[in-house]
Amino acid sequence: MPESRQRLDKWLFFSRAVKSRTLAQKLIESGAVRVNSERTLSTDHRVGAGDVLTMTVHTRLLVWKILDPGQRRGPAPEAALLYEDLSPPALPRADRIPAVAERDAGAGRPTKKERRDTDRLKGE
């Protein structure tokens, strides 16, 4: 019996890594997915049990070992049976780089309330 393999974009959709096959294709074509440590840009790359996927999804590094190619996009508990999560633990919130640069209170542009107060002082 031949080993069961499946298209990479379809597997990402079945495993619920992404919401649609179109998003899976865009993720693969952007170079954010590696199969067994080799970058692939081909959405129809065949994957099967034993392959290890390394991908960046929403700024998070995911390392998944494929256990089963799957037959459908089922509920989340069913999708979790398709892979073993080997991802490194996420950084604690305190160690993460902030998405927006922090600045001291009063630094930078004034708030709307501060502008109104300034206008009142100027008599405008």
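Before reading further, recall that the structure is shown in the block above.
Basis of the calculations
Residues numbered from 1 in each chain as written. Predicted model: local features only at pLDDT ≥ 70, side-chain atom pairs only at ≥ 80, totals over all residues. Heavy atoms only, no water. Buried < 20%, exposed > 50% of the residue type's maximum accessible area, 1.4 Å probe, protein only. Helix = DSSP H or I, 4+ residues; strand = E, 2+ residues; numbered from the N terminus. Pairing = 2+ DSSP bridges. Core = buried A, V, L, I, M, F, W, Y, C linked by side-chain atoms within 4.5 Å. Contact = heavy atoms within 4.5 Å.

Draft legend 1. Layout of the pairing of strand β5 (residues 52–57). Side chains Leu 53, Met 55 and Val 57 of β5 all project onto a buried face; the interleaved residues Val 52, Thr 54 and Thr 56 project onto a face where none is buried. Across 3 bridges, strand β2 (residues 33–35) lies against β5 in antiparallel orientation. Note on β5: the bridge partner recorded for Arg 34 is Thr 54. The pairing of β5 with strand β6 (residues 60–66) spans 6 bridges and is antiparallel. Counterpart to Thr 56 in the pairing with β6 is Leu 61. As consecutive antiparallel partners, β5 and β6 are separated by 2 residues, and within that stretch His 58 has a phi angle of approximately 55°, a positive value.

Draft legend 2. Expanded view of the nonpolar core. In terms of nonpolar packing, the biggest core is built from 21 residues, with Leu 8, Trp 11, Leu 12, Leu 53 and Met 55 touching the most fellow members. Sorting the residues of this core by element identifies α1 (8–14), α2 (21–29), β2, β5 and β6 as the ones contributing at least two each. Among the elements that line this core, the one with the most residues is α1, at 5 residues. Setting aside residues no more than four positions away along its own chain, Leu 12 makes contact with Ala 17, Val 18, Ala 24, Leu 27, Ile 28, Val 33, Leu 53 and Met 55.

Note that all results are geometric; they support no functional claim without further evidence.
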